[in-house]
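Tertiary structure, described
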Amino acid sequence: MGTIIIQNETTKDPISLIGREAGVCWGGDTQDPEKNRKRGLGCLESGHGRTWEYPQVYMVVDGYSARVIRELYTHIGGSPTRLQASTRYVNYQKGFAYVTPPKIAKNEEANAIYAKAMDDILKAMQELEQLELPKEDVSMLLPLGMESKVVLRTNLRNLVDMSHQRLCNRAYWEFRQLMHDMMRALSDYSEEWKYLVDNYFKAKCDVMGYCNEKASCGRYPKKEQ
Ligand SMILES: Cc1cc2nc3c(=O)[nH]c(=O)nc-3n(C[C@H](O)[C@H](O)[C@H](O)COP(=O)(O)OP(=O)(O)OC[C@H]3O[C@@H](n4cnc5c(N)ncnc54)[C@H](O)[C@@H]3O)c2cc1C
């Protein structure tokens, strides 16, 4: 099971920060915390997207599959920066942790096949290592289901946009779970983040009022309906 750790470098008061920065440009009173908060809420309600890029988020994303991390990397709005656990230097020879999809985990026969495939990969890696091949070559065998760790720096706007795609019922199940885990961790980080998560982190159909996916889950009607 994956975990999200919100790091201390993350903006604690994202709404007030937006208000302070916007206040500078409007000649507003940026010394008054309540005015800053209200101005921040105004920028959010008006959809002034650039202001949403001031609140920064630093998080450790740990224990999710390399596959879901690959999908996380497609969200490039706001130029997020990321570092990922190395497969060249980390020693996987004693074994690697991996994610088992719930539908496989609850099927005894399927689970045994899945676990054996992972074990076979590990054995092959150990045999190649004995032939003194470099780690960076041997690790080519590592599966997409292996667990990985990433340090991610992004911003509020990127995460809100991500939620529109990844809370969709048609999105990959592990990313939906990752998105919910991020939302829970941010909500626990501060009251202002909780407000943002509760009011702005939504599936795209909840924002648009219709579904634009070709294969709809049926939660909302298609636009043409
Ligand atoms: C049901 C479902 C199925 C999917 N299937 C696949 C799949 O099979 N394969 C796959 O690879 N992905 C898939 N995805 C992921 C999806 O297609 C996107 O890759 C992912 O959502 C990240 O891209 P983005 O544009 O949404 O976000 P970002 O790249 O973070 O962009 C956010 C916003 O920023 C703006 N922006 C970003 N870059 C630019 C730019 N260069 N120029 C101008 N504006 C920019 C745009 O307004 C954009 O909407 C799927 C998603 C869903 C929900």
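1. Examining empty space enclosed by the protein
- One pass over the structure, following the stated rule, counts two cavities of 30 Å³ or more.
- In this structure, the largest cavity spans a volume of roughly 120 Å³.
- Along the wall of the largest cavity there are 15 residues; nearest its centre are Cys168, Asn169, Cys205, Cys211 and Cys217.
- The class makeup of the residues in the lining of the largest cavity is nine nonpolar, two polar and four charged.

2. Thoughts on the sheet that holds strand β2 (residues 56-65)
- Across the sheet, which stays open at both edges, the four strands sit in the order β1-β2-β4-β3 with antiparallel pairing between neighbours. Two strands bound the open sheet, and with one partner strand each, they are β1 (3-6) and β3 (81-84). The average undirected angle you get between the axes of adjacent strands in this sheet is 15°.
- Examined bridge by bridge, β1 and β2 share four bridges and lie antiparallel to one another. Paired with Ile4 across the bridge in β2 is Val61.

3. Focus on the site of the ligand
- Around the ligand, the structure places Thr74, His75, Ile76, Gly77, Asn158, Asp161, Gln165, Arg166, Arg170, Ala171 and Glu213.
- Thr74 places a main-chain nitrogen or oxygen 3.4 Å from an oxygen atom of the ligand.
- When isolated, the ligand has an accessible area of 970 Å², and the protein chains bury 42% of it.
- Residue composition of the shell around the ligand, grouped by class: two nonpolar, five polar and four charged.

4. A word on helix α2 (residues 33-45)
- For α2, which comprises 13 residues, the first-to-last C-alpha distance of 18 Å matches the rise-based estimate of 18 Å (1.5 Å per residue) to within 8%.
- By the burial criterion, the buried members of α2 are Asn36, Arg39, Gly40, Leu41, Cys43 and Leu44.
- In the core, the buried residues of α2 are packed alongside α1 (14-26), α7 (156-166) and α9 (191-200).
- The distance from a side-chain oxygen at the start of α2 to the backbone nitrogen of Glu34 is 2.9 Å, and the residue carrying that oxygen is Asp32.
- Backbone geometry just downstream of α2 places Gly47 in the positive-phi region, at approximately 65°.

5. Brief notes about the domain arrangement of the protein chain
- Assigned domains within the protein chain: domain 1 (3-84 + 146-208) and domain 2 (102-141).
- Averaged C-alpha coordinates put domain 1 and domain 2 at centres separated by 35 Å.

6. What about the packing of aromatic side chains?
- What the rule picks out here adds up to four aromatic pairs.
- Centroid distance Tyr98 to Tyr114: 5.8 Å. Interplanar angle 65°. Geometry classified as edge-to-face. Placement of Tyr98 in the loop between β3 and α4 (102-105) and of Tyr114 in helix α5 (residues 108-130) is noted, with a sequence separation of 16 residues between them.
- On the basis of relative accessibility, which here comes to 26%, the residue Tyr98 falls in the partly exposed class.
- The rings of Phe96, Tyr98 and Tyr114 are connected pair by pair, giving a single aromatic cluster.
- Residue placement shows Arg67 over the ring face of Tyr172; its charged tip is 4.2 Å from the ring centre.
- Between the NZ or CZ atom of Arg82 and the centre of the ring of Tyr73, over which it lies, the distance is 4.3 Å.

The rules we used
Residues numbered from 1 in each chain as written. Predicted model: local features only at pLDDT ≥ 70, side-chain atom pairs only at ≥ 80, totals over all residues. Heavy atoms only, no water. 1 Å grid on protein atoms, 1.4 Å probe; cavity = no way out; pocket = protein on both sides within 12 Å on 5 of 7 lines; lining within 4 Å. Points joined across faces, edges and corners; volume = space filled by probe spheres on them. Nonpolar A, V, L, I, M, F, W, Y, C, P; charged D, E, K, R; others polar. Pairing = 2+ DSSP bridges. Helix = DSSP H or I, 4+ residues; strand = E, 2+ residues; numbered from the N terminus. Axes fitted to C-alpha atoms, helices over the stretch in contact; angles between N-to-C directions. Near = heavy atom within 4 Å. Polar contact = N/O pair within 3.5 Å; in protein donor to acceptor, adjacent residues only side chain to side chain. Areas by Shrake-Rupley, 256 points an atom, 1.4 Å probe, with all protein chains shown as cover. Expected span 1.5 Å × (residues − 1). Buried < 20%, exposed > 50% of the residue type's maximum accessible area, 1.4 Å probe, protein only. Contact = heavy atoms within 4.5 Å. Domains from an automatic or database assignment. Phe/Tyr/Trp six-rings, centres within 6.5 Å; stacked < 30°, edge-to-face > 60°. Lys NZ or Arg CZ within 6 Å of the ring centre and 35° of its normal.

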